There are 2 protein chains.
Amino acid sequence: MNYRNLLQTPALKPLLLTARFGLEKESQRVTKTGQLVKTNHPEVLGNRSYHPYIQTDFAETQLELITPVANSVTEVLRYLEAIHDVAQRSMALDEMMWPLSMPPALPADDAEIVIAKLDTHEDVLYRRYLARAYGKRKQMVSGIHFNFEFDDALVQGLFTLQDEYQTLADFKNNLYMKVARNYLHSRWLITYLFGAAAVAEAGYFDQALTTPVRSIRNSRFGYTNKADIQVSYKDLTAYLADLAHLIETGKLSEEKEFYAPIRLRGGAKMADLPKTGIRYIELRNLDLNPFARSGIDKKTLEFMHLFMLFMLWQETADAPDTWVGTGDDWNELVALEHPLVQTKLKAEGQALFDQMHQFVAELDLPTAVQEAVSYFEQLLEHPEWTLAGQMTMAAEKGQTNAALGVAYGQDYYETAWERPYQLAGFSGMELSTQILLFDAIQKGLEIDVMDETDQFISLRHHEHLEYVKNANMTSKDSYIVPLIMANKTVTKEVLAKAGFRVPLGQEFATREAALAAYELFKGQGIVVKPKTTNYGIGISIFKDGASEEDYLTAIELAFAEDQSILVEEFLAGTEYRFFVLDGKVRAVLLRVPANVTGDGQRTIAELVAEKNLDPLRGSHHRAPLEQIQLGGIEKLMLKEQGLTPDSVPKVGEIVYLRENSNVSSGGDSIDVTEAMHPSYREIAQQAVTAIGAAISGIDLIIPDAQKPAQGSQDYGIIEANFNPAMHMHVYPFSGKSRRLTMDVLRLLFPEMKL
Amino acid sequence: MNYRNLLQTPALKPLLLTARFGLEKESQRVTKTGQLVKTNHPEVLGNRSYHPYIQTDFAETQLELITPVANSVTEVLRYLEAIHDVAQRSMALDEMMWPLSMPPALPADDAEIVIAKLDTHEDVLYRRYLARAYGKRKQMVSGIHFNFEFDDALVQGLFTLQDEYQTLADFKNNLYMKVARNYLHSRWLITYLFGAAAVAEAGYFDQALTTPVRSIRNSRFGYTNKADIQVSYKDLTAYLADLAHLIETGKLSEEKEFYAPIRLRGGAKMADLPKTGIRYIELRNLDLNPFARSGIDKKTLEFMHLFMLFMLWQETADAPDTWVGTGDDWNELVALEHPLVQTKLKAEGQALFDQMHQFVAELDLPTAVQEAVSYFEQLLEHPEWTLAGQMTMAAEKGQTNAALGVAYGQDYYETAWERPYQLAGFSGMELSTQILLFDAIQKGLEIDVMDETDQFISLRHHEHLEYVKNANMTSKDSYIVPLIMANKTVTKEVLAKAGFRVPLGQEFATREAALAAYELFKGQGIVVKPKTTNYGIGISIFKDGASEEDYLTAIELAFAEDQSILVEEFLAGTEYRFFVLDGKVRAVLLRVPANVTGDGQRTIAELVAEKNLDPLRGSHHRAPLEQIQLGGIEKLMLKEQGLTPDSVPKVGEIVYLRENSNVSSGGDSIDVTEAMHPSYREIAQQAVTAIGAAISGIDLIIPDAQKPAQGSQDYGIIEANFNPAMHMHVYPFSGKSRRLTMDVLRLLFPEMKL
């Protein structure tokens with residue numbers, strides 16, 4: 001099969017650089033000073049029997065993070081980062097993840113290395129067998145498994161172009177076996193570039209290595225089968241026959257005990273592969289990169305992808321088993337070289353890079369690809385730039401590998417906790433969606449970010465699939481309900497008919513009509529607002545009535561935002577946001593205009609600067625609260641109070657910098673769920689039920705929230721929001737956090753009993 | 001009770017000119033030449049046992065059109081116009097509505113005047129009793145009942161300001177009794193201004209009146225009780241006592257036989273009124289205005305509203321019964337005056353108008369109100385401007401009242417049928433909503449247009465309420481489903497996962513990324529389109545691949561419409577729209593680019609002009625098809641074919657004026673539901689089911705619609721639309737009409753078995 005020729009077919013070109021990826025990453029849980037923890041797997045992560053993302057490997061302390069299958073390197077990395085974030089923030093506050101492949105110093109007593117406490121007895125028994133067969137200590141090594149699948153359409157296209165194989169399954173088996181052989185032959189280069197298991201800490205070896213090496217984990221000192229466990233990679237038939245024989249003869253307990261650097265994947269069992277065809281290949285030889293937060297970086301992933309395609313393209317010189325055998329020998333050689341010396345295989349390495357350049361040129365791959373090849377090529381010349389090289393350089397400068405592990409581990413810990421409302425990898429999405437994704441990953445729902453900019457995700461538990469947009473738009477609402485809420489006139493009509501108090505008012509479609517109605521509103525408290533827009537934009541409030549000139553301005557402001565406007569009676573009182581989900585008020589929030597509290601010493605500007613240090617404050621809705629500005633509007637507001645930014649307020653004096661209470665203009669969000677009299681919670685619930693919404697943020701004006709509501713004069717409903725922010729309730733400025741995102745998950749997946 | 005003072009309270013001012021209205025209008029069904037029809041009430045109107053809008057009055061030929069309660073004169077009139085439209089278009093094609101209060105010439109034989117064939121035996125018995133007691137002929141007179149209710153808040157406000165009455169019910173009874181007395185006293189002015197029952201046709205009278213009068217219907221020759229049926233209007237107690245006595249003594253068979261010009265409304269029975277309070281007042285003395293399509297015009301309604309407020313304001317000079325008695329006498333006098341002579345009550349009329357001016361000034365009512373009063377004031381001087389005056393003028397010029405009835409009746413008939421896709425009163429709304437409202441009214445669903453510009457309506461049958469937006473957004477879809485369809489990337493992902501063929505492609509968020517990907521698409525057929533916008537805007541199609549320059553232009557065009565764009569493989573074939581509702585394909589539409597067919601004689605410009613005469617063609621989506629333009633794009637398209645607008649195509653030659661097939665650029669819509677091979681209908685249904693939509697317009701590319709679909713290469717799904725137009729299926733250019741709006745009603749109201 002001349003893949004090299006076939007790959008040059010123009011129609012296949014768009015498919016060459018697309019592929020599917022999955023990562024599995026192991027990490028030891030350690031204390032912040034690098035000792036193995038004694039705690040159980042975090043309970044908050046829910047049930048390990050189905051958790052798709054966060055499992056335990058051999059030991060109870062050894063996390064296994066598993067990404068979903070992704071369609072790009074970027075995507076798989078963001079999933080890994082996100083899962084990493086969730087894992088870190090699900091652990092006890094004094095625990096972190098050990099960033100090295102080699103475990104930290106292990107307890108002297110074997111009993112203190114606790115086998116993972118899994119539900120399934122079979123799984124526990126297997127781990128006990130492993131402990132007996134290989135010893136517990138070698139099982140404590142961690143690494144990254146890289147799952148790779150060529151684009152379906154590429155494989156299908158190649159299959160169509162050839163006539164040697166009659167079935168797609170046979171063809172795929174041939175294809176992936178070629179890739180496997182070539183990878184096994186050349187994987188020493190990966191060990192050279194990305195090996196990062198230089199030294200062993202106490203308790204790993206019976207006897208220590210005297211110098212650092214490129215990768216203990218990828219050498220015979222790593223977690224490998226005994227030397228007599230060998231299979232042929234000639235073709236799938238030979239491979240399976242050898243493997244079957246090893247199991248029959250008791251040399252292996254079962255398939256998964258075969259710890260080759262590669263696994264062939266596709267069937268439920270290996271024996272299915274001839275029929276199903278190999279669907280993807282699992283590379284198991286990547287060490288954790290301590291310099292990357294999640295243990296691997298994008299550059300590496302891109303190179304690995306390219307290398308896989310190169311393995312398909314590359315011709316094989318020797319007989320298959322010789323070819324693989326040479327590879328094994330070379331890998332062992334390179335793995336045990338000193339990280340700072342040039343490899344003995346430099347010439348072979350250069351030959352490989354030359355071939356890669358030819359491959360890139362022949363397939364006319366983009367310039368960036370060519371540049372990446374050139375970048376890694378340099379590392380042949382510069383062993384100190386490899387991962388093991390960098391670690392060893394640091395050690396030579398006095399930072400032992402263990403100290404490096406602690407330092408980077410702490411750094412990643414700090415990063416994960418700095419902005420706990422963010423989810424790494426998805427920090428471009430809306431906060432509510434980030435928090436929902438966090439909770440979903442934590443509880444073991446399968447997530448799929450279907451459209452990042454549209455905040456469109458899906459969640460799955462077993463066969464139960466739910467789509468969610470903006471974290472609160474779900475299948476639980478009927479289509480017409482948010483459309484009711486999006487239209488303030490219709491909402492008011494529905495609520496009024498159901499007997500709730502809403503402000504009286506009128507809708508106007510033209511400036512003329514609105515102006516003509518001025519005399520109707522003259523002398524009364526009124527609110528002028530756009531009909532459909534949100535976030536308080538374009539709203540003018542005249543508590544004691546508006547002059548004709550002010551009224552005109554207000555109309556202009558409102559029409560600037562919408563084609564229709566509303567003029568409504570002003571309801572006196574305080575506005576509260578009730579977040580209602582599944583018929584129950586889950587949170588009540590009071591929003592207070594941007595303000596600072598004096599200490600008798602600092603200026604307003606200084607107080608603002610200090611308040612803005614809160615990591616809860618950010619900008620452009622990327623934090624639960626916004627920075628307080630000191631711009632024109634704020635200065636005007638100060639001026640009206642006879643103040644400037646340089647004024648020094650008295651101790652305890654509260655200075656307001658804004659009239660409006662929107663969080664988006666620096667306001668504070670205060671949870672008042674428990675302080676609110678239950679009668680208003682009841683009203684909010686009933687109103688949302690009248691609208692028929694599963695999820696709504698309903699705004700009530702209440703003159704006295706302590707006094708029970710007795711009649712319709714004690715409150716007014718001014719709006720019901722169909723896309724209510726959740727993050728401000730989860731991370732309020734003060735008061736109790738309300739994890740509304742968990743309520744959404746409970747609503748969608750009642751069977752999980754979250 | 002000094003209402004005059006109370007009404008001047010500033011806080012009440014915004015409420016003075018708001019009120020609630022309802023109209024009932026009777027009309028005889030006649031042939032297009034003005035003979036009473038012999039047919040039954042139209043079957044298509046569904047069940048008279050619950051129809052809220054279209055009923056029969058006394059006779060089977062006598063339609064009674066009933067509006068819902070409306071909050072303004074404009075609203076009530078549009079409802080009446082709409083119901084009028086539905087009634088007309090639900091009748092046989094050779095029937096129309098008689099526009100006069102006085103019936104057309106009646107058959108000599110009483111038996112030919114058929115009593116309404118109602119379901120309830122009791123109702124039929126009552127009509128039989130009326131026929132015996134009053135004769136059938138007088139029952140054939142038609143009129144308009146005007147139901148009027150002051151603004152609740154006004155009544156409540158007035159109640160709060162006084163202390164004479166302890167309960168709101170008592171207060172309302174006092175208020176409406178005053179209005180009733182004053183109206184009875186002054187109603188002669190209404191008879192003068194709006195009386196329009198000048199002459200009787202054959203078969204009405206035993207003996208004829210010798211001259212025309214203002215209103216036979218409002219005189220003793222109209223449909224009134226016998227002279228000894230009198231009640232006191234002193235107060236509600238006296239009124240009810242008198243009425244009870246009349247029934248007890250057998251002078252009236254039941255309450256509803258009391259045919260006063262006014263009815264007091266509010267309770268289920270009259271006897272409830274002391275407890276419930278009078279809620280509104282029904283004025284029964286308006287004749288049909290033959291010059292207004294629906295029998296009454298806006299000016300009249302506005303004057304009636306003002307007159308009601310005036311009746312509340314006006315002081316009463318005499319003792320109540322005297323006051324009412326004088327009114328009765330004066331009304332009889334005016335009703336029987338010749339329409340073209342000045343009324344004997346001109347001085348009293350002038351006094352009334354003087355009071356009205358004072359009333360308008362005192363309450364500071366808008367200028368328009370004052371002008372309206374002045375307008376009607378002139379009619380005292382000009383009896384020929386009154387309705388009866390105009391009818392009599394026409395008669396003197398040779399057009400008898402009967403001929404006038406035929407002429408106006410035919411005119412209104414033509415108007416109703418001219419654009420059958422429009423619904424009078426709601427022609428500003430989207431066509432699909434107009435058609436849905438038509439069907440809903442026809443079938444007797446209670447409609448409420450909650451927001452006209454937002455196409456938001458509600459429909460009710462008994463206690464079952466449904467909201468509908470854009471005629472297709474309903475409670476039957478879950479919220480997330482249209483959001484899936486609104487996002488083309490997500491839609492494709494969902495469909496692809498479910499095994500359907502969708503075009504391969506990529507999404508780009510920046511021009512740079514899209515440009516960088518050019519080489520991936522080079523040489524292939526591609527489609528470049530904005531990610532979320534609709535109606536074919538911003539889409540470029542390159543069937544055989546795009547040059548880099550064309551690709552760049554296409555990207556710019558797409559980005560002009562959206563923040564993200566899609567580049568997809570081009571699927572060869574014809575695009576069909578499948579409208580799927582409730583799991584079934586209800587219509588399949590082929591759209592053909594704007595075109596004309598030659599006749600060997602006329603130029604392209606002439607052929608276009610002729611094709612545009614089709615009343616199905618309009619502009620700005622206000623007709624099912626759009627006018628074909630002859631602008632720059634069309635001329636360019638002609639030029640590319642070596643043609644100009646002055647070219648004369650051969651007989652049968654089809655000349656295309658556009659490349660795109662959108663109906664919005666003059667394309668033809670062709671129903672091909674039956675011609676489409678069922679296998680594609682099956683695919684469309686299954687795809688919509690996979691998305692989970694109750695309603696979707698899904699677009700398939702099919703190379704050969706006659707050949708059964710055998711695999712995924714035989715079709716491609718390019719879009720699923722969450723707001724699919726329905727009007728183009730209901731009124732296609734050619735092929736069978738598919739009344740999808742009825743399918744929507746069936747989906748929403750299965751219990752009605754429509």
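Residues numbered from 1 in each chain as written. Chains lettered and ligands numbered in written order. Predicted model: local features only at pLDDT ≥ 70, side-chain atom pairs only at ≥ 80, totals over all residues. Heavy atoms only, no water.

**Structural notes on the overall build of chain A**
Item 1. Scanning chain A for helices and strands turns up 25 helices and 23 strands.
Item 2. C-alpha extents for chain A along the principal axes are approximately 95 × 60 × 50 Å.
Item 3. Relative to its 754 residues, chain A shows a buried fraction of 57%.
Item 4. Looking at chain A alone, contacts between residues at least 24 apart form 72% of all its contacts between residues at least 6 apart. (Helix = DSSP H or I, 4+ residues; strand = E, 2+ residues; numbered from the N terminus. Buried < 20%, exposed > 50% of the residue type's maximum accessible area, 1.4 Å probe, protein only. Contact = heavy atoms within 4.5 Å.)

**Digging into the interface of chain B and chain A**
Item 1. Each partner contributes residues to the interface: chain B has 34 residues there, and chain A has 35 residues.
Item 2. Buried surface at the junction of chain B and chain A, summed over both partners, amounts to about 3100 Å²; 61% is from carbon and sulfur atoms.
Item 3. Of all residues in chain B, the largest losses of buried area upon contact with chain A belong to Met450(B), Tyr479(B) and Ile480(B), amounting jointly to 22% of the total for that side.
Item 4. With its nearest N and O atoms 2.0 Å apart, the salt bridge here joins Asp451(A) to Lys531(B).
Item 5. For the side of chain B that touches chain A, the element with the most residues is helix H17 (residues 488-497) of chain B, which contributes five residues.
Item 6. Each residue belonging to the side of chain B that touches chain A can be placed in one class, and the counts come to 15 nonpolar, seven polar and 12 charged. (Buried area = accessible area lost by both parts, 1.4 Å probe. Salt bridge = Lys/Arg side-chain N within 4 Å of Asp/Glu carboxyl O. Nonpolar A, V, L, I, M, F, W, Y, C, P; charged D, E, K, R; others polar.)

**A look at the side chain of Asn721(B)**
Item 1. Mapped onto the secondary structure, Asn721(B) falls in strand E23 (residues 716-721).
Item 2. Polar side-chain contacts of Asn721(B) include one of 3.2 Å to the side chain of Asp699(B). (Polar contact = N/O pair within 3.5 Å; in protein donor to acceptor, adjacent residues only side chain to side chain.)

**Things to note about the relation of the copies chain B and chain A**
Item 1. Overlaying chain B on chain A yields an RMSD of 0.1 Å, the required transformation being a rotation through 180° with an accompanying axial translation of 0.0 Å. Put plainly, the chains are arranged around a two-fold axis. (Least-squares fit on C-alpha atoms with pLDDT ≥ 70 in both.)

**Observations concerning the sheet that holds E23(B)**
Two modes of strand pairing occur in sheets, parallel and antiparallel, and in both the strands are linked by backbone hydrogen bonds.
Residues and elements named next belong to chain B.
Item 1. Strand order across the open sheet formed by five strands is E21-E16-E15-E22-E23, with antiparallel pairing between neighbours. Each edge of the open sheet is held by one strand with a lone partner, namely strand E21 (668-671) and E23. Averaged over neighbouring strand pairs, the angle between their axes works out to 30° when direction is ignored.
Item 2. Summarising the sheet, strand E15 (residues 574-581) and strand E22 (residues 695-702) pair through eight bridges and their orientation is antiparallel. Counterpart to Thr574 in the pairing with E22 is Ile702. (Pairing = 2+ DSSP bridges. Axes fitted to C-alpha atoms, helices over the stretch in contact; angles between N-to-C directions.)

**Looking at the sheet that holds strand E9 (residues 456-461) of chain B**
All names here are of chain B.
Item 1. With respect to topology, three strands assemble into an open sheet ordered E8-E9-E10, the strand pairing being antiparallel. Since the sheet does not close on itself, it has two edges, and those belong to strand E8 (446-451) and strand E10 (464-469), each with one partner. Recorded for the sheet is a direction-independent mean angle of 20° between the axes of neighbouring strands.
Item 2. As judged from the six bridges shared by E9 and E10, these two strands associate in the antiparallel manner. Each bridged residue has a counterpart across the sheet, and for Ser458 the counterpart in E10 is Tyr467.

**A short note on helix H3 (residues 73-90) of chain B**
Item 1. For H3(B), with 18 residues, the first-to-last C-alpha span of 26 Å sits near the 26 Å given by 1.5 Å per residue.
Item 2. Taking burial as the measure, the 18 residues of H3(B) include 16 buried ones, the bulk of the element. (Expected span 1.5 Å × (residues − 1).)

**Some details on unusual backbone geometry**
Item 1. In the Ramachandran plot, Asp364(A) falls in the positive-phi region, its phi being about 55° despite a non-glycine side chain.
Item 2. Overall, Asp364(A) belongs to the partly exposed group, its relative accessible area being 42%.
Item 3. For Ala471(B), which is not glycine, the phi torsion reads 70° and is therefore positive.
Item 4. Examined against the element boundaries, Ala471(B) turns out to sit in the loop between E10 and helix H16 (480-486).

**Section: the domain arrangement of chain A**
Item 1. Domain annotation for chain A reports domain 1 (3-418), domain 2 (431-475), domain 3 (504-569) and domain 4 (598-657).
Item 2. Placing the centre of domain 1 of chain A and that of domain 4 of chain A at their C-alpha centroids yields a distance of 52 Å. (Domains from an automatic or database assignment.)

**Comments concerning the environment of Ala260(B)**
All names here are of chain B.
Item 1. Position of Ala260 among the secondary structure elements: in the loop between helix H7 (236-248) and strand E6 (262-265).
Item 2. According to the relative accessible area criterion, Ala260 is buried, its value standing at 6%.
Item 3. Note: C-alpha distance between Ala260 and Gly600 (340 residues apart in sequence) is 70 Å.
Item 4. If we ignore the near neighbours within four places in the chain, the residues touching Ala260 are Asn225, Tyr233 and Arg284.

**Brief notes about the packing of aromatic side chains**
Item 1. According to the stated counting rule, one finds 72 aromatic pairs over all chains in the structure shown.
Item 2. Each ring, one from Tyr375(A) and one from Phe376(A), has its centre 4.9 Å from the other, and the planes form 80°; the classification is edge-to-face.
Item 3. Their ring planes at 35° and their centres at 6.3 Å tell us that Phe521(B) and Tyr551(B) sit as a pair that is tilted. A residue pair is termed long-range when its members are at least 10 positions apart, and Phe521(B) in helix H19 (residues 518-521) and Tyr551(B) in helix H20 (residues 548-559) qualify at 30 residues.
Item 4. Within the aromatic cluster, the residues linked to one another by ring pairs are Tyr183(A), Phe194(A), Phe303(A), Phe307(A), Phe310(A), Trp313(A), Phe353(A), Phe359(A), Tyr375(A) and Phe376(A). (Phe/Tyr/Trp six-rings, centres within 6.5 Å; stacked < 30°, edge-to-face > 60°.)

**Quick word on the confidence of the model for chain A**
Item 1. Here chain A averages 94 in pLDDT, while 99% of its residues score no lower than 70.
Item 2. Of the two predicted TM-score estimates for the complex, the pTM is 0.88 and the ipTM is 0.86. (pLDDT = per-residue confidence, 0-100.)

**Focus: the packing of helix H6 (residues 168-194) of chain A against helix H11 (residues 346-362) of chain A**
Residues and elements named next belong to chain A.
Item 1. Relative to each other, H6 and H11 sit at 105°, their axes nearing to 11 Å. Between H6 and H11, the crossing angle belongs to the class labelled roughly perpendicular. On H11, the residues that touch Ser186, Trp188 and Leu189 of H6 are Glu348, Gly349, Leu352 and Phe353.
Item 2. The residue inventory of the contact of H6 with H11, partitioned by class, reads four nonpolar, two polar and one charged. (Parallel < 35°, antiparallel > 145°, perpendicular 65-115°, else oblique.)

**Focus on helix H12 (residues 367-381) of chain A**
Residue and element names in this part refer to chain A.
Item 1. With 15 residues, H12 extends 22 Å between its outermost C-alpha atoms, agreeing within 8% with the 21 Å of an ideal straight helix rising 1.5 Å per residue.
Item 2. Buried residues of H12: Val369, Val373, Phe376, Glu377, Leu379 and Leu380, and no others. Burial along H12 is one-sided: seen end-on, the buried residues are contained in an arc of 145°. For H12, the exposed residues lying more than 90 degrees away from the buried face are Thr367, Ala368 and Glu371.
Item 3. In the core, the buried residues of H12 are packed alongside H6, helix H9 (298-313) and H11. (Arc of directions from axis to C-beta.)

**Thoughts on the environment of His245(B)**
Item 1. Tracing the backbone shows His245(B) in helix H7.
Item 2. On a C-alpha basis, the gap between His245(B) and Val231(B) in space is 9.5 Å, while along the polypeptide they are 14 residues apart.

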